[in-house]
Amino acid sequence: MYLHRMGWLVVGIGIFPIAACSDDASTSPSDARTVRYRVDITPVTRVEDAKSGVFIPPFVDCRAPLEGSSTAAPNGQVCTNVAISGATEPDKAFESYASCDVVRTQRPYWPAPPAKTPDPSDPRLANAAYASEVAWAKSQVAATGCVCCHDKTAPSGASQWDISVAGNWLDTVSNGGLALFAGLADSSVLGAYPSIDNHGFDRTSVGLPSTDPDRLKKLILAEMAYRGMTEEQARAVPPFGGPIYDNAVRPPVACSGQGIDPEGRVVFRGGKARYVYLLEAGSKNPGVPPNLDRPGGTVWRLDVLPNAEPLESGFQYATTPSGSFQDVPASSPAPALHPGKTYQFAAIRDIGVPITNCLFVFGNPLGEPPTPPPPPPTSDAFGAPCTDNTGCSAPTDYCAVMPGQPAGYCTKKGCNDDPTVCPGGWSCFDLSRFDPGAPSICVKP
Ligand code: HEC
């Protein structure tokens, strides 16, 4: 790796692992041990072990098959990706092999009424061939993380579509939902596993994970046709993902006062972070696991465990503060940074909630954050000259006259109880300290 001499000086002695400045093998064991990697931590796999409301990253859960069931897996265990886009073996129920409680930390869950309540005596289900396709599609969903919210067994009921509803469950899916299922509307920002790592379930050619995407697509296209919905209409459905989609496509801005400063301090504003990234400029924005959270060009990524407090701005690059571990690089120190080079920097409150995503030039002072917007304009009434309270118009209600002065200025009472009554920059002064029974008033800057 290239790093010129100047860069090393700027980067600062003792901040960056020695090995990072070249390809030589000079990392001393103690350097390596100060940084925690994924292999050094115990992942959080239970909701009760995580801080409330925190996204528990996907992991693999391996269990012996339930009694009466079997697996062809070489290790004799059923291994399941515990994730929204994860799946267990196609003939098994996801909920029997993975924690839906964990999956429900990975996106908001709420119950919602079905797009349409099925007619329990739907004549279409009298067609055995059709009924068996609908039942097959249900079994596919039952083997995936989707079941955690799209089945009436979800804690407060299904989120709109419900595979256990009486009658034809496809009725409960909205038209937009069918477009997603069929892969005609884009839902890629929600993440997908390679089918080879997910018991054959693919979520790239169709939106509903399936071991036989063509078969699923055929069923969904038939349902669309039955509803009189065209492929063109389905393709016109905007990409799914809401804010996650917006975050994926929003270009990074200039880092004003954020990034990694010349001394190696990681600086971000707007709260604490659970994930911090440094990427090559021009990388895709960090997205959701399992496949969008390490975009090509990721130089460094730090994760905070779900059972630890998120990180405050100001820690040192290439270190792993308490509760955190280095995800990228997975087993070698963070690379030294090149002075003069532009990097992309992202700090993320939790998966899907970026705090900042911006570009900065390493080596330059980070500068000041953009000046906050000026306080709301002071109402003309505040500060207007007066000789008594009656001369003060709303919102002011008090004429503050200094002892011995003939006139004063209009202001407002009551700021001790409610500091927000004062205009920006004004402070609160409690006159009762001098005159019991007198009010607290806003005073000029
Ligand atoms: C943690 C809960 C949860 C999981 C897991 C989940 N969803 Fe949902 N899903 C929701 C919620 C909540 C809604 C919104 C319901 C509403 O308000 O209409 C929804 C709605 C949908 C819709 C309807 C969208 C629309 O515009 O009508 C589709 C399609 C969908 N989900 C697909 C999936 C697929 C595919 C999976 C699995 C890969 C999945 N969901 C997993 C919670 C979840």
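Residues numbered from 1 in each chain as written. Predicted model: local features only at pLDDT ≥ 70, side-chain atom pairs only at ≥ 80, totals over all residues.

Structural notes on the overall build of the protein
And step 1. Counting secondary structure elements, the protein contains nine helices and 15 strands.
And step 2. Every one of the 445 residues in the protein was classed for burial, and the buried ones make up 36%.
And step 3. Contacts in the protein between residues at least 24 apart in sequence constitute 59% of all its contacts with a sequence separation of at least 6. (Helix = DSSP H or I, 4+ residues; strand = E, 2+ residues; numbered from the N terminus. Buried ≥ 20, exposed ≤ 12 C-beta atoms within 10 Å, placed from the backbone. Contact = placed C-beta atoms within 7 Å.)

Concerning the environment of A131
And step 1. With respect to the helices and strands, A131 occurs in helix α5 (residues 128–142).
And step 2. For A131, a count of 14 C-beta atoms within 10 Å puts it in the partly exposed group.
And step 3. In sequence terms A131 and N168 are 37 residues apart; their C-alpha atoms lie 8.4 Å from each other.

Points about the sheet that holds strand β6 (residues 275–280)
Strands in a sheet are paired, the pairing made by backbone hydrogen bonds, and the direction either parallel or antiparallel.
And step 1. Pairing is mixed in the open sheet, where six strands are placed in the order β3-β10-β9-β6-β7-β8. Edge positions in the open sheet fall to β3 (253–254) and β8 (324–328), since each of these has one partner strand only.
And step 2. Sheet topology places β3 next to strand β10 (residues 353–361); two bridges connect them, and they run parallel. The residue bridging A254 from the neighbouring strand is L359, located in β10. (Pairing = 2+ DSSP bridges.)

Let's talk about unusual backbone geometry
And step 1. With an omega of 5°, the peptide bond running from P289 to P290 counts as cis.
And step 2. Residue position: P290 is located in the loop between β6 and β7 (298–304).
And step 3. The omega torsion of the bond from V328 to P329 falls at -10°, within 30 degrees of zero and hence cis.
And step 4. Note that P329 resides in the loop between β8 and β9 (342–350).
And step 5. Residues other than glycine seldom take positive phi values, yet H199 does so here, at roughly 55°.
And step 6. Mapping H199 onto the fold places it in the loop between α6 (175–181) and α7 (213–227).
And step 7. Classification of H199 by C-beta neighbours within 10 Å gives buried; the count is 23.
And step 8. Unusually for a residue other than glycine, A318 sits at a positive phi of about 75°.

Some thoughts on the sheet that holds strand β13 (residues 408–411)
And step 1. Reading across from one edge, β11-β13-β12 is the order of the three strands in this open sheet, with antiparallel pairing throughout. Only two strands of the sheet have a single partner each, and these edge strands are β11 (385–386) and β12 (398–400).
And step 2. Sheet topology places β12 next to β13; three bridges connect them, and they run antiparallel. By the bridge assignment, Y398 is partnered in β13 with T411.

Section: the site of the ligand
And step 1. In the region of the ligand, 23 residues are neighbours, and A112, C146, C149, S159 and G177 sit closest.
And step 2. No other element matches the three residues that α6 contributes to the shell around the ligand.
And step 3. A breakdown of the residues in the shell around the ligand according to their chemical character gives 11 nonpolar, 10 polar and two charged. (Near = placed C-beta within 6 Å. Nonpolar A, V, L, I, M, F, W, Y, C, P; charged D, E, K, R; others polar.)

Focus: α7
And step 1. For α7, built from 15 residues, the straight-helix expectation of 21 Å at 1.5 Å per residue is met to within 8% by its first-to-last C-alpha distance of 21 Å.
And step 2. Within α7, the full set of buried residues consists of P213, L216, I220, E223 and M224. For α7, the arc enclosing every buried residue in end-on projection is 100°, short of the 170-degree limit, so these residues lie on one face. Facing away from the buried surface of α7 by more than 90 degrees, the exposed residues are D214, A225 and Y226.
And step 3. For α7, the elements touching its buried residues are α5, α6 and α8 (231–235). (Expected span 1.5 Å × (residues − 1). Arc of directions from axis to C-beta.)

A look at the nonpolar core
The tendency in soluble globular proteins is for nonpolar side chains to be buried as a group.
And step 1. Counting residues in each nonpolar core, the largest one holds 75 residues, and the members touching the most others are L178, F181, A182, A273, V276 and F345.
And step 2. The residues that make up this core include at least three from each of domain 1 (5–41 + 248–361) and domain 2 (65–241).
And step 3. Beyond its immediate sequence surroundings of up to four residues, F345 is in contact with C255, Q258, G259, I260, L278, T356, C358 and F360.
And step 4. In this structure, Y398, C399, C415 and I441 belong to the second largest nonpolar core, which totals 12 residues. (Core = buried A, V, L, I, M, F, W, Y, C linked by C-beta atoms within 7 Å. Domains from an automatic or database assignment.)

Some thoughts on the domain arrangement of the protein
Put simply, an interface is often sized by how much accessible area is lost when its parts join up.
And step 1. We note that the domain assignment places domain 1 (5–41 + 248–361), domain 2 (65–241) and domain 3 (385–443) within the protein.
And step 2. One C-alpha centre belongs to domain 1, the other to domain 2, and the line joining them spans 36 Å.

Focus: α5
And step 1. Along its 15 residues, α5 runs 21 Å from first to last C-alpha, staying within 8% of the 21 Å computed at 1.5 Å per residue.
And step 2. All of the buried residues along α5 are A137, Q140, V141 and A142.
And step 3. Against the buried residues of α5 lie α3 (94–97) and α7.

Topic: the confidence of the model for the protein
As a general rule, the predicted coordinates of low-pLDDT regions are not to be interpreted in detail.
And step 1. Scored by pLDDT, the protein has a mean of 90; 91% of the residues are at 70 or more.
And step 2. In this model residues 1–32 is a low-confidence stretch, pLDDT under 50, and it forms 46 contacts with partners more than four residues away in sequence or in other chains. (pLDDT = per-residue confidence, 0-100.)

Quick look at the environment of K341
And step 1. Considering the arrangement of structural elements, one finds K341 in the loop between β8 and β9.
And step 2. Owing to 13 C-beta atoms within 10 Å, K341 belongs among the partly exposed residues under this scheme.
And step 3. It is 45 Å that separates the C-alpha atoms of K341 and T420, two residues lying 79 residues apart in sequence.

Let's talk about the environment of F201
And step 1. Here F201 is to be found in the loop between α6 and α7.
And step 2. For F201, a count of 28 C-beta atoms within 10 Å gives the class buried.
And step 3. Each C-alpha atom, one on F201 and one on A87, is 6.8 Å from the other, the two residues being 114 residues apart in sequence.
And step 4. The residues touching F201, leaving out its near neighbours within four places in the chain, are A87, T144, S195, P209, S210 and T211.

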